[in-house]
Amino acid sequence: MTHLWVRAEQRPNEERVGLTPEGAAALVRAGLRVTVEASSVRAIPIEGYRAAGCEIAEENLWPEAPQDAIIFGLKELPEDGTPLTHRHIMFGHAYKGQPAGRELLKRFKAGGGTLYDLEYLVDETGRRVAAFGYWAGFAGAAVSLKCWAAQQRGGIAGPVAKYPGRAALIADLERDMAGLSRPRAIIIGALGRVGTGAADLCTQMGMAVTKWDMAETASGGPFPQVLEHEIFLNCILARPGCPVFVPATAKTAPRKLTVIGDIACDPTSDFSPIKVYDRATDWQAPALRVADHPPLDVTAIDNLPSLLPVESSEDYAGQLLPSLLTLTDLSAGVWERAKAEYDRHIAGL
């Protein structure tokens, strides 16, 4: 019997989950064994999973799970260097040259486990079968606007926190923007999931939005138009050959740009299209000031959908469920393709 073990998230400010109680019930009906760890922070209560027929385990017990269990989480594992012996479904952030990702792969190689990276679960056309993109874009645009509003008042954005829903987020933004004009934003990657979410937030806040996608960036740059907007929202997944959207010279160049929302948030990748910063920001300090005259703040939080944990979890889990229902055959479909990607990178260590 295929055994899926849903672990508790151990990263701060991470309340999302990739499986809802309704999805868990569907897996149980399909003949899978489902274990869900208790969690002190998960946005969806454990009672629903118990009612769905899941076994309930103690929080963070996954290292002791049966060897045949498939461990399912979203964000990073603790960086303790221990070999990883299980099969894991998670966002590994390990295939684009990230230093921490390389260490993660070494742990899998040492333990004989396998990484099924959620970012690389794709259909026959190469399109991801599930993504948090819409809510990343929505929340990332919101945080970027908070950064801009703080600038207008002579400061820098303070800590951010989760919201019970999008209405509460919008209400909070309206308070931040009270008495201020609306800035103009340019979105690159506007036709994708992330860009759609970012554009929806900007539109809801009454902002003028310039929407770019592959056609507008096909020339390879430079792109002076980016510097002519107050806010730039990067919504594309960095890949080899990606053009540079904001070069290092932007810090000192004439510009109206004062906030960069790097929603894709991959600053340590060799392919990052934004060259004015080199580290992610976080909930406590969402803005990184990289220039002063005029100010230029970068916000790059890598778990943005957690600002809206219930809505983003329900959306993502619904997209992923059809693939989870095929876990009984890891040698085909999305799982076969994800395993091939893992094997390719392990071979390169």
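Here, every reference points to the structure presented above.
Residues numbered from 1 in each chain as written. Predicted model: local features only at pLDDT ≥ 70, side-chain atom pairs only at ≥ 80, totals over all residues. Heavy atoms only, no water.

Here's the deal with the sheet that holds strand β9 (residues 231-234)
Reading across the sheet, the six strands line up as β8-β7-β9-β10-β12-β11 and stay open at both edges, with mixed pairing between neighbours. The sheet is open, and its two edges are formed by β8 (208-212) and β11 (288-292), each paired on a single side. Within the sheet, the average angular offset between the axes of one strand and its neighbour, ignoring direction, is 15 degrees. Here strand β7 (residues 184-188) pairs with β9 via four bridges, running parallel. Of the residues in β9, the one forming a bridge with I186 is F232. Packed onto the sheet, helix α4 (residues 133-152) meets β9, β10 (259-262), β11 and β12 (295-299) and runs at close to 155 degrees relative to β12. Contacts from helix α6 (residues 193-204) reach β7, β8 and β9, with the element oriented near 170 degrees to β7. (Pairing = 2+ DSSP bridges. Helix = DSSP H or I, 4+ residues; strand = E, 2+ residues; numbered from the N terminus. Axes fitted to C-alpha atoms, helices over the stretch in contact; angles between N-to-C directions. Contact = heavy atoms within 4.5 Å.)

Describing the sheet that holds strand β4 (residues 70-72)
Adjacent strands of a sheet pair through backbone hydrogen bonds, lying either parallel or antiparallel. A sheet is described by the order of its strands in space; here six strands give the open sequence β3-β2-β1-β4-β5-β6, paired in parallel fashion. Taken across any chain shown, the strands that pair with only one partner, and hence form the sheet edges, are β3 (55-57) and β6 (114-117). For this sheet, the mean inter-axis angle between neighbouring strands, taken without regard to orientation, is 25 degrees. With three bridges connecting them, strand β1 (residues 3-6) and β4 associate as parallel partners. Note on β4: the bridge partner recorded for V6 is F72.

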